[in-house]
Structure formats: structure tokens, C-alpha cells
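Survey of secondary and tertiary structure
Chain residues, written in single-letter form:
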Amino acid sequence: MDRETGFAVAEFDRALDTWCSWTGRHEAMAHVRFVARVLRERGAWPELVRGWAESDERGDADGAWRMGWVLLDQGDRAGSERAFGRAAQRGNLSALFKVCGERARAGLDATALQTEYERASRRRQEADQLADQRGDADAAYRIGFDLVARSSVLETELSAIPDISSRRKYKRWQAVAREKRDQARELRRSGEAALRRAAERGSADAAAKLGALEHEGYPSNDSDQQQNERALPWYRLADELGHPAGSWWLGHILAARGDHDEAQAAYRRAEIRGHPLAASSLASLLSRRTPLDRQALEAAYRRVTEIDYDPNGWVKLAGLLQQRDDLDGAEAAYQRAVERGAREAAFALRRLREQRATKPSFT
């Protein structure tokens, strides 16, 4: 397996985990399908599926988890549910979360699965602590991610100031709030330290997360340029380590600095590695360059619509087609945008149809 294919496989797993927690959302499924298409185009997909099937047969939880999606994509819903069930029984956290959620939504008792999910989570945390001590990058990343997430939850809770009329109760709340704020800061410091350990050990996920944390502006009184400058080294590292989101964010920062050639190259790397918004960002960048390369721009927006992650891609493509008088293509693109929920497309489609109806025919 070559380097770029390995990056795309890692993104497939990330996309699959996101889809699990976002099951039913079109964007999440579109992302997984796009990364699978990237792997098919690279010729790696058949071999990967064979490997996952073999690992599933050997009793591997992750192999069963991946095969659950493969079978679902092939239309074998019953086989997919069995595969996800095997993955859950073997302790795959994403599968446990998915199966537990499906049972709860169906009105079935999910208590046993919820208990097993909590046990599996504790086992993972304990194993990660030991693995981190041995120098494992992925374990350090998971520890850091969890600590930062817990910090964010506390900060969110503190952002809501209760309506307290009693001065004594308000002072008591202030004391509790200070304690929680200190706890949130300590969790974040510990989380960032773990993420730095992971990044130093070669974790692309950790480097990308550190870039995102710098981008958040914590504390949030820095300018966009200051946030970009702090995030840039981490996104460069994430890009070098093959993280699609790292490449994508690197492209944003480079574009903001005016380094359009480097930004374009970063967006292309992100797309090759499976980022669903990279083609859209590349198209947006191309639309701002002069002289305008209409052929390259239309090709970029066609890739956006093939991914079908962002319905606005259909609107942009329709506008380009309309400009070169391909009215049939423009109408079809606007119609697809309407079906995908792009609100502005309905008005544009109606206006295009009215113009076509009143346009004189020279036959």
C-alpha cells in the first residue's frame, strides 16, 4: 500500500466513526462514500475489502465494523446488521454506540448494550493510559482528545449564568463556577500536553486537533491572523503526516495569506486523501484567480457535485453552465440543488424556466 492510499484508509476509518455518531445524515454517508471512491480510483478497494472480510472471519472487531458498512453499501442490509452486531459483541466502541442507539430509537431495551459500552470505554481508557506510558501515539491522542472534550463541556456549562435573586446563592454559585473554571483549564492543559506527546510521536490526528485548538483562539480575543499563525505549524505537520483536514485547513490559511499556488496544492492533497470539502474549497479559490480558468473551475465544481456533500456545489455548477448557455445542464443542476435542500436554487430554477419559456425560438 503506498503512502497516499494509507492516508485515505485512515480517513475512511475517521469518516466511518463520524457516520456512526451521525447515522442518517446525508453528509456523513457522502463522506464515507467519497473516501471509498477515492480508494476505488486508486485500485486499492478490492484488496482492502478482502482483508477486512478475512479479519472479520478471524474474529477481529474492526474488520467486522468496516464490513458492516461495505455490506450496507452493497445493499445487503441484513448482512450489514449482523456484521455491526459482531463488531459490537467484540467490543468495537463505534459499533456498540451505533447498535445501542438503534435499539433505543426502535423503543427496545438497550440497557445491557449501554452498560457494555460504558465498560468497554473504561477498558479503552485504562489500556490507553498504559499504552501512552509506553510511547503509543494513538493512545496519547485519544487521552488528549477526551480531556479537551471534557474541558469544553465544562466551559459550555459555565457560559450559562443562572438567574439567581439571592445574593448568598449567587456568591455560592460564583465559588462553584470558579472551581469548575479552574478544573476546565487544568483539563485543557493536560489534554493539550497529551496531544503534543501524540503529535511528537507521529499522530496526524493530534497535529490536526492542535491546529484546530489554536484556531479556536483560546482565549478568544485574538485576531484571525494571530489564530492562523499559531495554527499554521500544526496544520503543516498534520499535512505532512497525511491528515486530510490538516491539508484542507493549511490550504485555507495559505489562501488567506495570498499564497494561492501553495493553497491550491494543499487543497488537492486534501481531496486525494478524502476530505469532502476540498474540491469545493479548490473551486472557490479558482473562482477568485485571474485570469479565470473556466474549464478548470467547471471541472472542480463537477467533482464537488460528484461527492454530493455540499448542495451549493450544484448551484455553482448551474451558474457556470448557464453562463456558457448550456441551459439544459443548468436546469438539471438547479433541480438537483433543490432536491438537496439549497434554498436559493428554487428561485434560480424558476427564473431560468421563465426565461426559457419567453425566449424566442429561431427555427
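You'll find the structure just up there.
Below: a short report on this structure. Small disclaimer: the values here were computed from a predicted structure and weren't measured.

Put simply, T290 and P291 share a cis peptide bond, and its omega is 0°. If you check the backbone angles, D308 has positive phi at about 60° while not being a glycine. Structurally, D308 can be placed in the loop between α15 (294-307) and α16 (312-323). The backbone of D325 sits at a positive phi, close to 70°, despite the residue not being glycine.

Here we come to the pattern of salt bridges. On inspection of all chains with the given rule, the structure shows 36 salt bridges. Where R230 meets E214, a salt bridge forms, and the shortest distance between an N and an O atom there is 2.8 Å. With a gap of 16 residues between them, R230 in helix α11 (residues 224-240) and E214 in helix α10 (residues 204-216) connect regions that are remote in the sequence. Under the relative-accessibility criterion, E214 is labelled buried at 18%. Here the residues in one salt-bridge network are E4, D239, R269 and R273, joined through shared partners.

In this section: the side chain of N92. Inspection of the secondary structure puts N92 in the loop between α5 (77-89) and α6 (93-105). In terms of polar contacts, N92 uses its side chain to reach the side chain of D62, at 2.9 Å. Those residues in contact with N92 that lie beyond four places of it in its chain are A61, D62, W65 and A87.

Before going further, it helps to spend a moment on the packing of aromatic side chains. The full count for this structure, using the stated rule, is 11 aromatic pairs. Geometrically, the ring pair formed by F97 and Y117 is tilted, given 6.0 Å between the ring centres and 55° between the ring planes. Here Y117 lies in helix α7 (residues 111-133) and F97 lies in helix α6, a separation of 20 residues in the sequence. Note on Y117: relative accessible area 24%, which makes it partly exposed. Each ring, one from Y235 and one from W249, has its centre 6.0 Å from the other, and the planes form 10°; the classification is stacked. Pair noted here: Y235 is in helix α11 and W249 is in helix α12 (residues 244-256), with a separation of 14 residues, a long-range link. Under the relative-accessibility criterion, W249 is labelled partly exposed at 30%.

Taking 1.5 Å per residue, 14 residues should reach 20 Å; α15 reaches 20 Å between its end C-alpha atoms and fits that length. Along α15, the residues that are buried comprise L297, E298, A300, Y301, V304, T305 and I307. In the core, the buried residues of α15 are packed alongside α2 (26-41), α14 (278-287) and α16. Just downstream of α15, D308 is the residue with a positive phi angle, here 60°.

Let us look at the nonpolar core. With 80 residues, the main nonpolar core has F12, W19, W45 and W69 as its most contacted residues. Ranked by residue count, the leading element in this core is α2, at nine residues. In contact with W45, not counting residues within four places along its chain, are F12, A36, L39, R40, W52, W69 and V70. Ranked by size, the runner-up nonpolar core spans 13 residues in total, among them A140, V148, L195 and W234.

Analysis parameters
- Residues numbered from 1 in each chain as written.
- Predicted model: local features only at pLDDT ≥ 70, side-chain atom pairs only at ≥ 80, totals over all residues.
- Heavy atoms only, no water.
- Helix = DSSP H or I, 4+ residues; strand = E, 2+ residues; numbered from the N terminus.
- Salt bridge = Lys/Arg side-chain N within 4 Å of Asp/Glu carboxyl O.
- Buried < 20%, exposed > 50% of the residue type's maximum accessible area, 1.4 Å probe, protein only.
- Polar contact = N/O pair within 3.5 Å; in protein donor to acceptor, adjacent residues only side chain to side chain.
- Contact = heavy atoms within 4.5 Å.
- Phe/Tyr/Trp six-rings, centres within 6.5 Å; stacked < 30°, edge-to-face > 60°.
- Expected span 1.5 Å × (residues − 1).
- Core = buried A, V, L, I, M, F, W, Y, C linked by side-chain atoms within 4.5 Å.

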